[in-house]
Amino acid sequence: MDRYLDAYVDRRMAAIVEEWDLATQSDLGEYTRRLAAIEEEIPKQRAFDKSAAEKLSELERRAAVLKGRR
């Protein structure tokens, strides 16, 4: 029975990896590089979020002023 299962898994390994969305050696090898790239983007994203929030606040303030003029 073990031989049968081993042979089955060997024949279907690519489909099993795809179907179960399993990580491969290649995926894991790229993980640290991809993680480092994402970590580099975090400060940039935080700065963007802060800038966008400030701009939105200013636009809301200006909209309130315009609404008050009517």
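Scroll up to find the structure.
Not measured: the values here are computed from a predicted model.

Peer 1: What am I meant to see in the overall build of the chain here?
Peer 2: The number of helices and strands found in the chain is 2 helices and 0 strands. Taken against the 2.2 N^0.38 rule, which gives 11 Å for 70 residues, the C-alpha radius of gyration of the chain at 26 Å runs more than 25% over that of a compact globule. For the chain, the C-alpha atoms occupy an extent of roughly 85 × 30 × 15 Å along the three principal directions. Taken as a whole, the chain presents about 6,900 Å² of accessible surface, with 56% of it coming from carbon and sulfur. Each charge class in the chain was averaged separately, 14 positive and 15 negative side chains, and the resulting centres sit 14 Å apart.

Peer 1: What is the right way to look at a negative patch on the surface in this model?
Peer 2: A cluster of acidic side chains, namely Glu-18, Asp-21, Asp-27 and Glu-30, defines a negative patch on the protein surface. With respect to the helices and strands, the residue Asp-27 is situated in helix 2 (residues 25-69). Among the residues examined, Asp-27 registers a relative accessible area of 32% and is labelled partly exposed.

Peer 1: Before we go on, may I ask you to explain helix 2 in this structure?
Peer 2: Note on helix geometry: an α-helix contains 3.6 residues per turn, so any two residues three or four positions apart are oriented the same way. Here helix 2 is 45 residues long and its end C-alpha atoms lie 64 Å apart, about the 66 Å a rise of 1.5 Å per residue gives. The sharpest bend along helix 2 comes to roughly 40°, located at Tyr-31.

Reading the values: rules and limits
Sequence order as written defines residue numbering, which begins from 1 separately in each chain. Given that this is a predicted model, residues contribute local features only at a pLDDT of at least 70 and side-chain atom pairs are listed and counted only at 80 or more, while totals for whole chains, interfaces and linings are drawn from all residues. Just so you know, side-chain values use all the structure's heavy atoms and leave hydrogens and water out. Numbering of helices and strands runs from the N terminus, with a helix taken as a DSSP run of H or I at least four residues long and a strand as a DSSP run of E at least two residues long. The globule rule used here is 2.2 Å times the number of residues to the 0.38 power, and the radius of gyration it is set against is calculated over C-alpha atoms. Note on areas: Shrake-Rupley, 1.4 Å probe, and residue coverage restricted to the protein chains presented here. For this count, His and the chain ends are skipped, Lys and Arg are scored as positive, and Asp and Glu as negative. Charge positions are represented by NZ for Lys, CZ for Arg, CG for Asp and CD for Glu. Candidate patch residues must exceed 30% relative accessible area and have no salt bridge, after which like charges are joined if within 9 Å and Val, Leu, Ile, Met, Phe, Trp or Tyr side chains if within 5 Å. For salt bridges, the criterion is a side-chain nitrogen of Lys or Arg within 4 Å of an Asp or Glu carboxyl oxygen. Buried residues are those whose accessible area, probed at 1.4 Å on protein chains only, stays under 20% of the maximum for their type, while exposed residues exceed 50% and partly exposed ones sit between those limits. Here, expected helix span is obtained from the residue count minus one, scaled by 1.5 Å. The reported bend at a residue is simply the angle between two axes, fitted to the 7 residues ending at it and to the 7 residues beginning with it.

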